[in-house]
Amino acid sequence: MDSILSLLAAGLLQSFEPLNLAMIFLGCFAGLFIGAMPGLGSVNGVAILLPVTFLVPPTAAIIFLAALYYGAMYGGAVSSITLGIPGASTAVATVFDGRPMAQSGRADQALMAAAIASFIGGTISVILFTGFAPPLAAFALKFGPQEEFALMLLAFATFIGLGGDDIPKTIFSILIGLVMAAVGFDIISGQPRLIFFDMVEFQRGIPFLVLAIGIYGIGEMIWTLEHTKGAIQMHKVDFGWKKIKENLGRIKSYLPVSVMGSMLGFFVGTLPAAGATPASLMSYGLAKSFSKDGDSFGKGNVAGVAAPEAANNAASTGSMLPMLTLGIPGSPTTAILLGGMIIWGLRPGPLLFAESPDFVWGLIGSMYVANFVTVLLNIALIPVFIRVLAMPFSILAPIIFILCVVGVFATTDRMFDTWLMLLLGCIGYLMRKLNYPVAPAVLAIVLGPLTERAMRQSLIGSQGDPMTFLERPISLTCILIAVALVSYPLVSNMMRKRKAASA
Amino acid sequence: MSVRMAELMMGVCTLLISLGLMWSVTSNDLTVGWIEGRGPGAGMWPFWLSVGMALASIWTLVRWMRGITAESRNNDPYIDPETVFIVGITVAAIFFLLVLTSVIGLYFSMMLFLLFYIKFIGKHKWPVTMTVVIAMPVAIYMLFEVALNKYLPRGWPFFENIFLHIDDFRYAIFS
């Protein structure tokens, strides 16, 4: 425990270094703005701004992106409450009560509750993170390639079992992501693979950012253009220091649901397929179920704003736990962060704690600082964000498109990749319209090379005997859980049909 | 085209892509099995993933035929005319942005793109339009070329020469 505290203290000191502190402020500010814009969330912000971070050292870069992730979770509530449009899917549940509160002239109260609950969620989750991360990383040091492969399978299985999407479409999405990761030279023999139409550009492979920016930049903006058509109606908000003071006195009314949402959010966030959106919806559902005044939910109950906001912030921290300790991202945003870490020359996973303690503890320390910075910036800048939100989509959209093109080119130095980004963005949009989930494909393209390497190393080590995956207890456990997760929706579906037939 | 028809077409396309990937692996003489003394062949991973993709596509098509998916029962238009316009014009504008980038460079093409999108699609006033049209390339130039030393495409020599003058101007100021 002492060693954790001393490492944490070092991390906190590191986060107060001028560059890192500047990155925290910048990240929180950018995140708040990005989270507040309809159609943009943490995943879009991280994907589009990742190339910009190559300007600074890896620790400052991850601090910036983690702060952005945090800020976006806070910012999502602003548009949910004032516009009735969630800034991102993670803030959908905030609309349920945030919008009615704004309609009844209590937007200031909803915005404050969202900020305070987010702060509570962030604080509780980062404390849990500090406690859980080192032992989990120490445990994961026992992992060999078999366990790594089994863990990857588990991550993919979680998407199938808990994702709640169409199963064959989810499987297709995962597999196409893995295939895209396999394009280029084979990692072991060096033979060229999947060089489509003999185009030499494919020999360098498909960088994950091309798919991520294509889907979360181009595809998402097209999706938002289709759904909003620029018709956004904003509610008037009366927000000043007097109102802030008044609202601070009301914390007691939503403190218990915020604490509950924080705990729930953290643990749901650690699951690869779950993340902040289901966490916030579950937290909202629980708050409603346990409330003495359940009927008022959906009509402007402040607890209905606080519960999901605490949960989505806690989940964003929770999703970083498996990313840093096991090398498995807990959300699409952390999948992109993980890809970024690989670009920076770091290998996410248990060894990261031993090999790059400055990086890990600097990040953890920054989470504490970022939480304070974000809540202060959020409350101080709410009037500014409300004005910015009035920016028409016909100005925002072309700016985002340009950032996507520039971001991809700056990362790969190839115009070919910008064309590929446009193509993948359009395909992703068309598939999403048919209920094909796109997040598993992004997760798979990031994890693809790691999964293939782990599988082939295991098979080479065992002379081709696939039983090697079942002979090691941790690997076997992961595979059994993966099988159970994949079977769960199929079995429950069959049982439901039988019941219906017998009734 | 209805959503129902779109799902069928998507299922067929994904199946054909999967088969194409399998063909690509085998036609390039990549081993899909075990190579004695060396381990799994280079084609094993992509080949069996493609098989999985084909099976998932067939599964989706079977569900479509049996009317299990919500999309297979939905006869609404896949993309309504209003969406076709806004999405079509957006994709076309990005397409020309990329085409022109190779000719006149990214900076000039992004100015044209912003002008077209903000003035002619967004119908904003000239002061707003020109502010964004000028501020955006300047911000990108400062961030990527000045701060990151990352040179973005500048197009044919004539347009590249214009930027050499801008670079000279920048060096004169910052050095």
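Residues numbered from 1 in each chain as written. Chains lettered and ligands numbered in written order. Predicted model: local features only at pLDDT ≥ 70, side-chain atom pairs only at ≥ 80, totals over all residues.

Helices and strands together make up the secondary structure of chain A, namely 22 helices and two strands. Here the C-alpha coordinates of chain A stretch approximately 70 × 60 × 55 Å along the principal axes. Evaluated residue by residue, chain A yields a buried proportion of 62% over its 503 residues. Of the contacts made within chain A by residues no fewer than 6 positions apart, 79% connect residues no fewer than 24 positions apart. (Helix = DSSP H or I, 4+ residues; strand = E, 2+ residues; numbered from the N terminus. Buried ≥ 20, exposed ≤ 12 C-beta atoms within 10 Å, placed from the backbone. Contact = placed C-beta atoms within 7 Å.)

Glancing now at the interface of chain B and chain A. Facing 56 residues of chain B, the contacting portion of chain A comprises 47 residues. Only helix 1 (3-27), strand 2 (39-40), helix 2 (44-65), helix 3 (81-121) and helix 4 (126-147) of chain B provide two or more residues apiece to the side of chain B that touches chain A. The element best represented in the side of chain B that touches chain A is helix 3 of chain B, accounting for 18 residues. Broken down by class, the residue content of the side of chain B that touches chain A amounts to 36 nonpolar, 15 polar and five charged. (Nonpolar A, V, L, I, M, F, W, Y, C, P; charged D, E, K, R; others polar.)

Our focus in this paragraph is the domain arrangement of chain B. As assigned here, chain B comprises domain 1 (3-73) and domain 2 (81-174). Using C-alpha coordinates to define each centre, domain 1 of chain B is positioned 40 Å away from domain 2 of chain B. (Domains from an automatic or database assignment.)

Here Gly 285 of chain A shows up in helix 12 (residues 276-290). Sequence separation of Gly 285 of chain A and Ala 93 of chain A is 192 residues, and the distance between their C-alpha atoms is 9.3 Å.

Moving on, we come to the nonpolar core. Judged by nonpolar contacts, the single largest core of 205 residues is most densely connected at Leu 211 and Val 442 of chain A. Taken domain by domain, this core gets at least three of its residues from each of domain 1 (3-73) and domain 2 (81-174) of chain B. Among all residues touching Leu 211 of chain A, those that are not within four sequence positions of it are Met 180, Ile 206, Leu 424, Ala 441, Val 442 and Ile 445 of chain A. (Core = buried A, V, L, I, M, F, W, Y, C linked by C-beta atoms within 7 Å.)

Turning our attention to helix 13 (residues 303-318) of chain A. Think of an α-helix as 3.6 residues a turn; residues three or four steps apart then line up on the same face. Compared with an ideal rise of 1.5 Å per residue, which puts 16 residues at 22 Å, helix 13 of chain A spans 22 Å between its outermost C-alpha atoms and is within 8% of the ideal. In terms of burial, helix 13 of chain A is a largely internal element, 16 of the 16 residues being buried. (Expected span 1.5 Å × (residues − 1).)

All names here are of chain A. Between helix 18 (residues 393-412) and helix 19 (residues 415-432), the shortest axis-to-axis distance is 8 Å and the interhelical angle comes to 135°. When the axis of helix 18 is compared with that of helix 19, the two are oblique. Read as a crossing pair, helix 18 and helix 19 show a hand that is right-handed. Each of Cys 404, Val 405, Val 408, Phe 409 and Thr 412 in helix 18 lies in contact with helix 19, whose residues at this interface are Met 415, Asp 417, Thr 418 and Met 421. (Axes fitted to C-alpha atoms, helices over the stretch in contact; angles between N-to-C directions. Parallel < 35°, antiparallel > 145°, perpendicular 65-115°, else oblique. Left-handed = near helix turned anticlockwise from the far one by under 90°.)

This part is about the UniProt feature "transmembrane region" (unreviewed entry) in chain B. As recorded in UniProt, the sites labelled "transmembrane region" (unreviewed entry) are residues 43-62, 83-116 and 128-148 of chain B. As annotated, residues 83-116 of chain B has a helix share of 100% and a strand share of 0%, and its two end C-alpha atoms lie 18 Å apart. (UniProt positions renumbered as here; feature names shortened; annotations may be inferred.)

So, on to the packing of helix 12 of chain A against helix 13 of chain A. Residue and element names in this part refer to chain A. It is at 8 Å that the axes of helix 12 and helix 13 come closest, and there the two elements cross at 145°. Once helix 12 is placed against helix 13, the crossing between them reads as right-handed. Across the interface between the two elements, Ala 276, Ala 279, Ser 280, Ser 283, Tyr 284 and Ala 287 from helix 12 touch Ala 303, Gly 304, Ala 307, Pro 308, Ala 310, Ala 311, Asn 312, Ala 315 and Ser 316 from helix 13. Its residues assigned to classes, the contact of helix 12 with helix 13 comprises ten nonpolar, five polar and no charged.

Residue and element names in this part refer to chain A. In terms of burial, helix 3 (residues 42-49) is largely enclosed, as seven of its eight residues are buried. All of the buried residues in helix 3 are Ser 42, Val 43, Asn 44, Gly 45, Val 46, Ala 47 and Ile 48. Looking at the buried side of helix 3, the elements it contacts are helix 2 (18-36), helix 4 (58-82), helix 9 (208-228), helix 13, helix 15 (332-343) and helix 18.

So, about unusual backbone geometry. Residue and element names in this part refer to chain A. The residue Leu 194 is not glycine, and still its phi comes out positive at about 50°. As for its position among the elements, Leu 194 is in the loop between strand 2 (192-193) and helix 9. Given 22 C-beta atoms within a 10 Å radius, Leu 194 is considered buried. Notably, Asn 435 is not glycine yet its phi reads approximately 70°, a positive angle. With respect to the helices and strands, Asn 435 occurs in the loop between helix 19 and helix 20 (439-461). What makes Asn 435 partly exposed here is the crowd of 15 C-beta atoms within 10 Å.

For the rest of this paragraph, the subject is the confidence of the model for chain B. Caution is warranted with low-pLDDT regions, since their predicted coordinates should not be read in detail. Residues and elements named next belong to chain B. Scored by pLDDT, chain B comes out at a mean of 90, with 99% of its residues at no less than 70. For chain B, per-element mean pLDDT is lowest for strand 1 (residues 34-35), which scores 82, and highest for helix 2, which scores 95. Interface predicted TM-score (ipTM) for the complex: 0.94; the corresponding pTM is 0.80. (pLDDT = per-residue confidence, 0-100.)

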